[in-house]
2 protein chains.
Amino acid sequence: MNTNPHRYCVIMCGGVGSRFWPYSRTSLPKQFIDFFGTGRTLLQMTFDRIRPLVEPSNILVVTNADYAHIVREQLPDIEESQILLEPCRRNTAPCIAWAGSHILALDPQASMIVTPADHLITNEIEFQTSVRRGFEFVESHDALLTLGIHPTRPETGYGYIQIGSEVEPGISKVKTFTEKPDLEIARVFVESGEFFWNAGIFLWSVRAIAEAFRNLAPDLAREFDKGVDAFGTPAEAEFIREHFPACPNISVDFAIMEKAPNVYVECVDFGWSDLGTWGALYDHSPKTEEGNVTQRCNIITYSSTGNIFAVRNEKLIVVSGLHDYIVADSGDALLICPRAQEQEIKQMVKDVSDRFDDRYL
Amino acid sequence: MNTNPHRYCVIMCGGVGSRFWPYSRTSLPKQFIDFFGTGRTLLQMTFDRIRPLVEPSNILVVTNADYAHIVREQLPDIEESQILLEPCRRNTAPCIAWAGSHILALDPQASMIVTPADHLITNEIEFQTSVRRGFEFVESHDALLTLGIHPTRPETGYGYIQIGSEVEPGISKVKTFTEKPDLEIARVFVESGEFFWNAGIFLWSVRAIAEAFRNLAPDLAREFDKGVDAFGTPAEAEFIREHFPACPNISVDFAIMEKAPNVYVECVDFGWSDLGTWGALYDHSPKTEEGNVTQRCNIITYSSTGNIFAVRNEKLIVVSGLHDYIVADSGDALLICPRAQEQEIKQMVKDVSDRFDDRYL
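Residues numbered from 1 in each chain as written. Chains lettered and ligands numbered in written order. Predicted model: local features only at pLDDT ≥ 70, side-chain atom pairs only at ≥ 80, totals over all residues. Heavy atoms only, no water.

**Things to note about the interface of chain B and chain A**
Next up, step 1: Taken together, the contact pairs 33 residues of chain B with 33 residues of chain A.
Next up, step 2: Carbon and sulfur atoms supply 57% of the area buried between chain B and chain A, which totals about 2800 Å² over both sides.
Next up, step 3: The largest share of the area that chain B buries against chain A comes from L316, L334 and I336 of chain B, three residues that together contribute 22% of it.
Next up, step 4: Along the contact surface separating chain B from chain A lie four salt bridges.
Next up, step 5: Note that R359 of chain B is salt-bridged to E314 of chain A, the shortest N-O span being 3.0 Å.
Next up, step 6: At the surface where chain B touches chain A, the tally comes to 28 residue pairs in polar contact (both at pLDDT 80 or more).
Next up, step 7: Residue assignment for the side of chain B that touches chain A shows that the elements contributing at least two residues are β12 (293-302), β13 (308-320), β14 (325-329), β15 (333-338) and α11 (345-356) of chain B.
Next up, step 8: Per element, the largest residue contribution to the side of chain B that touches chain A is seven residues, and it comes from β13 of chain B.
Next up, step 9: Residues belonging to the side of chain B that touches chain A are distributed by class as follows: 21 nonpolar, five polar and seven charged.
Next up, step 10: Sheet topology places strand β13 (residues 308-320) of chain A next to β15 of chain B; four bridges connect them, and they run parallel. Within β15 of chain B, the residue paired with L316 of chain A across the bridge is A333 of chain B. (Contact = heavy atoms within 4.5 Å. Buried area = accessible area lost by both parts, 1.4 Å probe. Salt bridge = Lys/Arg side-chain N within 4 Å of Asp/Glu carboxyl O. Polar contact = N/O pair within 3.5 Å; in protein donor to acceptor, adjacent residues only side chain to side chain. Helix = DSSP H or I, 4+ residues; strand = E, 2+ residues; numbered from the N terminus. Nonpolar A, V, L, I, M, F, W, Y, C, P; charged D, E, K, R; others polar. Pairing = 2+ DSSP bridges.)

Right, dumping it as structure tokens:
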């Protein structure tokens, strides 16, 4: 199938994945792991999903410089020039401002989709249909488009988008973005039919996003304007090493989406999870008869149900009398924690850092 | 201190330690592990304990040929000729028959102590006093002497020795050996004051044990008699490789001690454990405030009590909400099992073997 050569994709791939510690480590975060034992990592699955929609040479991966070698290894077909290396971590707004400036320099008529590298999408056909519609919309409207996922449960771990007036079937103005709600509110949201999960997947033309940065984040826009002659040239990397660290640590949601007047939501339904929690991983993974989920390991269980076993390298786990735990192992670190306490893992990782610096991170 | 040059020690060091799987592995059994984080393995602790009692050059280590390199590494001061390598596993009777023949060839006036390599003894001063007494007794009597440990609880995991008439203060004829009793019987044993734990530590003169084999296990004696010219010479190893496999798989308790007329027990009390179970290890190990025992690992616990964490190489364990479990890790295998189920670990290891052959053993 021919793809529109003005369409680009930016895969954001710089996260550290601390919520899956120690299965996911700073040295090998979640997006680089074959979470479902399919032989493809989450980054590779994301790339595979985008490939039918965008010329492979138009797919950019933005990641931290530390992960350059992993990206090269996992995506051997992309050129060095398609990997944008952030010298430091600065959240999504600087990442997108840079990627937008980069693409604008290559093709001022470009449109682009921005997607995290570490989400799960189960219905890829529906995903492709939705994304094509989104591209068509942003190519014919001055619009910043976000994908809103039809909610299937009152999830308190996601942000929600309230839809306003419909401008086309399935595409509406955004009324409000809301933070993660409590359960009561989440239930009301879901029942209302007006609220959708904010997937953090965006589409826009490079002109529209550049304009939005100029109007709503002028400091950031000015920082990147200084490099206008460098983008798309060999001077770009040096410019970024010098100027990127000066960018504020701010999300594109906060800097742009919540403020722009031309924000739209396409309501979609393609089986999405941000895989942001062990619970989400558990829900989306195949299970043994006893309701255990295993990640790349051999296992023998006795009276053990509802556990997640996430270890590497075909390690053997023999477990007896364990119910609803997370068992995650990375060779030099082992976590054993009730699934119900997964919210506390972040604090545990902090405690590990306090006691052992970054030795086990 | 001068030691009697006719005294010898045989350290039996060939066990596979499957009860501590996977912390103890076929490739590195229990006796070769630094179980208490002291910097000395159980074998080394055994050697250290014997050293003041027997000339170091008179200490022999009998082990499986597979473990020769570990013994050499852990006991660098002993000569190659002090390591007796069994070409296959044949229980304690052939091991002791060989060691006895070996020592008899070196010194017909010798007396010897036979001790497992993997027991814990906490009061070494008392141990030395007891062993010296034992040596004196067997050097002046035609006696096979076993050490009987004063029982401190109705342990069902040990065999018991019932004492008969006292022949010297603390040394009695043996009335009966009994197998592992059930709890009810064990209680009666302990209350009676007549029963002592069978520690499997023996003393005798080489003449007395040779005589016992000749009378009570003539087949075995004949097998070793064939090598009478080889023992203590370079031909010994070849003789053993050829003849040892023909020996029956039989314990010295069954072959000799339970049948011989001249069996005596020295009643001792030096803080002994065979460390045969995780429970024994737990009981004898220092504990954190929460009652957790750690083996060579870093640990952060939340609401977790009464566990044993046995992992290697300073691995970090972060654990929450776990009580009274065994967590044992060897890199490529992890066991998580309630302490109360430790008797079932043997079956689990069998299941591992059935499913994965010896890959994880």
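Now, onward.
**Structural notes on helix α6 (residues 206-216) of chain B**
Residues and elements named next belong to chain B.
Next up, step 1: Here α6 has its buried residues at V206, A208, I209, A212 and F213. An end-on view of α6 places all buried positions within 165° of arc, on one side of the element. Exposed residues pointing more than 90 degrees away from the buried face of α6 are listed as R207 and N215. (Buried < 20%, exposed > 50% of the residue type's maximum accessible area, 1.4 Å probe, protein only. Arc of directions from axis to C-beta.)

**A word on the packing of helix α6 (residues 206-216) of chain A against helix α7 (residues 218-225) of chain A**
All names here are of chain A.
Next up, step 1: Taken N-terminus to C-terminus, the directions of α6 and α7 make an angle of 120°; their axes are 5 Å apart at the nearest point. Considered as vectors, α6 and α7 are oriented oblique to each other. Taken together, the residues of α7 that come into contact with α6 (itself represented by F213, R214, N215 and L216) are P218, L220 and A221.
Next up, step 2: Its residues assigned to classes, the contact of α6 with α7 shows five nonpolar, one polar and one charged. (Axes fitted to C-alpha atoms, helices over the stretch in contact; angles between N-to-C directions. Parallel < 35°, antiparallel > 145°, perpendicular 65-115°, else oblique.)

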